[in-house]
Amino acid sequence: MRISWVTDDKSAHSTVEYGTSPGKYSAKSRGESTSYKYLFYSSGKIHHTIIGPLEPNTVYFYRCGGQGVEYQLKTPPDQFPITFAVAGDLGQTGWTESTLDHIDQCKYDVHLLPGDLSYADYMQHRWDTFGELVEPLASSRPWMVTQGNHEKESIPLLVDGFASYNSRWKMPYEESESSSNLYYSFEVADLAKVDRAKTPWLLVLLHVPWYNSNKAHQGEGDDMKAAMEPLLYDAKVDLVLAGHVHAYERSSFLNAWLFDLQKRVHNGNSDPCGPVYITIGDGGNKEGLASKYIDPQPKWSAFREASFGHGEIQIVNSTHAFWSWHRNDDDEPVRSDSIWINSLVSSGCLSEQKFGARKSLL
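Because the structure is predicted, anything quoted here is derived from the model rather than measured. (Residues numbered from 1 in each chain as written. Predicted model: local features only at pLDDT ≥ 70, side-chain atom pairs only at ≥ 80, totals over all residues. Heavy atoms only, no water.)

Some thoughts on the overall build of the protein chain
Helix and strand content of the protein chain: five helices and 22 strands. The C-alpha radius of gyration computed for the protein chain amounts to 20 Å, which stays within 12% of the reference 21 Å derived for 362 residues, consistent with globular compactness. Taken along its principal axes, the extent of the C-alpha atoms in the protein chain is 60 × 40 × 40 Å. Counting over 362 residues, the protein chain shows a buried share of 54%. Of the contacts made within the protein chain by residues no fewer than 6 positions apart, 69% connect residues no fewer than 24 positions apart. With the model as given, the accessible surface of the protein chain reaches about 16600 Å², and the carbon-plus-sulfur share is 50%. (Helix = DSSP H or I, 4+ residues; strand = E, 2+ residues; numbered from the N terminus. Rg over C-alpha atoms; globule rule 2.2 N^0.38 Å. Buried < 20%, exposed > 50% of the residue type's maximum accessible area, 1.4 Å probe, protein only. Contact = heavy atoms within 4.5 Å. Areas by Shrake-Rupley, 256 points an atom, 1.4 Å probe, with all protein chains shown as cover.)

What to know about the confidence of the model for the protein chain
Segments scoring low in pLDDT should not have their predicted coordinates read at a detailed level. Of all residues in the protein chain, 92% attain a pLDDT of 70 or more, and the chain-wide mean is 92. Low pLDDT, under 50, characterises residues 253–260; the stretch is placed with 13 contacts to residues that sit more than four places away or in other chains. For the stretch residues 352–362, pLDDT sits under 50, and the model shows 33 contacts to residues farther than four places along the chain or on other chains. (pLDDT = per-residue confidence, 0-100.)

Here's the deal with the packing of aromatic side chains
Tallying each qualifying case throughout the model produces 14 aromatic pairs. Geometrically, the ring pair formed by Trp210 and Tyr277 is tilted, given 6.3 Å between the ring centres and 45 degrees between the ring planes. Highlighted residues: Trp210 in the loop between strand E13 (203–205) and helix H4 (222–234) and Tyr277 in strand E18 (residues 276–280), separated in sequence by 67 residues. The class of Trp210 is buried, set by a relative accessible area of 7%. (Phe/Tyr/Trp six-rings, centres within 6.5 Å; stacked < 30°, edge-to-face > 60°.)

Focus on the pattern of salt bridges
One pass over the full model with this rule turns up 12 salt bridges. As a salt-bridge pair, Arg2 and Glu175 come within 2.9 Å of each other at their nearest N and O atoms. Here Arg2, found in strand E1 (residues 2–7), pairs with Glu175, found in the loop between helix H3 (163–168) and E13; they are 173 residues apart in sequence, far enough to count as distant. For Glu175, a relative accessible area of 44% translates into the label partly exposed. Lys170 is the salt-bridge partner of Glu174, the closest N and O atoms lying 3.4 Å from each other. When its relative accessible area of 44% is taken as the criterion, Glu174 is described as partly exposed. A relative accessible area of 14% places Lys170 in the buried class. Members of the salt-bridge network, linked through shared partners, are Glu32, Lys170 and Glu174. (Salt bridge = Lys/Arg side-chain N within 4 Å of Asp/Glu carboxyl O.)

Here we look at the pairing of strand E9 (residues 71–74)
Here strand E8 (residues 59–64) pairs with E9 via four bridges, running antiparallel. Opposite Tyr62, over in E9, you have Tyr71 as the bridge partner. Here E8 folds back onto E9, and the loop between the two strands holds six residues, one of which, Gly65, carries a positive phi near 75 degrees. (Pairing = 2+ DSSP bridges.)

What to know about helix H2 (residues 125–138)
The end-to-end C-alpha distance of H2, which contains 14 residues, comes to 19 Å, matching closely the 20 Å that a straight helix rising 1.5 Å per residue would cover. At Glu132, H2 shows its maximal bend, which comes to roughly 35 degrees, and the proline Pro136 appears one to four places after that position. Among the residues of H2, Trp127, Phe130, Val134 and Leu137 are the ones counted as buried. Buried-residue contacts for H2 involve helix H1 (94–105), strand E12 (143–146) and H3. (Expected span 1.5 Å × (residues − 1). Bend = angle between axes of the 7 residues up to and from the residue.)

Regarding H1
Look at H1: 17 Å from first C-alpha to last across 12 residues, which is about the 16 Å you get at 1.5 Å a residue. Where the residues of H1 are buried, they touch strand E10 (82–86), strand E11 (110–114), H2, E12, strand E20 (309–315) and strand E21 (320–327). Near the N-terminus of H1, the side chain that reaches the backbone nitrogen of Trp95, with its oxygen 3.1 Å away, is that of Thr93. (Polar contact = N/O pair within 3.5 Å; in protein donor to acceptor, adjacent residues only side chain to side chain.)

Observations regarding the environment of Arg168
Secondary-structure assignment places Arg168 in helix H3. In this structure, the C-alpha to C-alpha distance between Arg168 and Glu135, residues 33 residues apart in sequence, is 13 Å. Within the structure, Arg168 has its side chain in polar contact with the side chain of Tyr41 (distance 2.8 Å).

What about the sheet that holds strand E19 (residues 303–305)?
The five strands lie next to each other as E13-E14-E18-E15-E19, forming an open sheet whose pairing is mixed. Unpaired on one side and paired on the other, E13 and E19 mark the two borders of the sheet. The mean angle between the axes of side-by-side strands here comes to 10 degrees, regardless of whether they run parallel or antiparallel. Bridge analysis of strand E15 (residues 248–250) against E19 gives three bridges, and the strand direction is antiparallel. Note that in E19 the partner of Glu249 across the bridge is Arg304. (Axes fitted to C-alpha atoms, helices over the stretch in contact; angles between N-to-C directions.)

What follows is the structure, given as structure tokens:
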């Protein structure tokens with residue numbers, strides 16, 4: 001697990017002490033630090049320290065820099081079920097706080113954020129206030145994020161794109177043999193190597209949706225879709241989660257008898273071996289909701305609504321997962337939309353010989 005934090009004290013050490021009892025630290029790790037300048041702004045000292053190996057499904061107590069507040073985190077389990085909370089396009093509004101409050105009430109193991117985190121939009125101090133806003137949740141569960149257009153913040157000839165994001169939100173790109181923090185993979189559930197017999201679910205997290213019936217951001221994902229949709233289809237990816245559009249939409253459903261009527265999609269058509277596509281860019285951003293949709297509703301689109309909220313995906317076992325979407329306007333336990341999803345491993349789409357050693361994409 002990588003712990004990241006920022007200090008104003010430039011002499012602070014990048015150390016994390018941790019253990020399974022409050023105030024008793026049986027291990028200590030030393031990490032690295034960085035900082036960056038953005039025009040007239042200078043960041044604090046940004047620390048990244050890896051702790052472990054850790055036991056699965058275990059609460060650890062830890063403190064950073066050898067002093068200060070004690071935090072606690074819970075590691076994911078090493079077997080099913082495992083639950084992911086999902087919310088993109090968060091920002092720092094009252095709706096953001098409502099979304100985080102709802103997520104805090106659900107029982108989840110890992111948070112997935114498909115881009116557009118702070119909405120700092122060149123105002124660098126807002127990266128600091130965003131960190132303070134999400135700290136209660138981000139310090140207690142793993143947050144796995146990807147970048148969106150609001151993370152770019154490039155200024156020609158002066159500031160490279162994604163400088164702030166890459167400095168603050170370091171993902172395991174090096175560990176997954178990627179050359180960029182903007183593209184990485186990771187594995188959950190104690191998997192020594194990726195084998196679809198052992199890793200029956202593949203999820204992809206990206207920012208701009210490839211399938212979108214909202215009038216906002218139409219066509220913006222077409223180039224990436226053309227380049228990468230065949231790759232995801234060949235790898236038999238089960239679920240693609242995106243943000244960017246400030247609304248909720250999904251492409252898949254089962255009927256009341258749980259017959260396999262899933263609207264999986266490939267190349268614009270219904271395909272039983274394609275992924276399920278979900279857009280969940282409704283975390284609470286400052287720009288508001290995208291409430292205008294294309295009519296008639298495309299055949300691949302099963303449910304769509306412009307409301308703030310979050311999603312939860314519980315991987316129940318190797319063959320079934322349960323997806324639910326929760327509006328901020330409702331109490332957290334209320335499922336505003338829900339579906340069962342069958343894994344492609346169990347559907348007959350997967351060639352074990354071809355895909356047995358393929359690396360996971362998440």
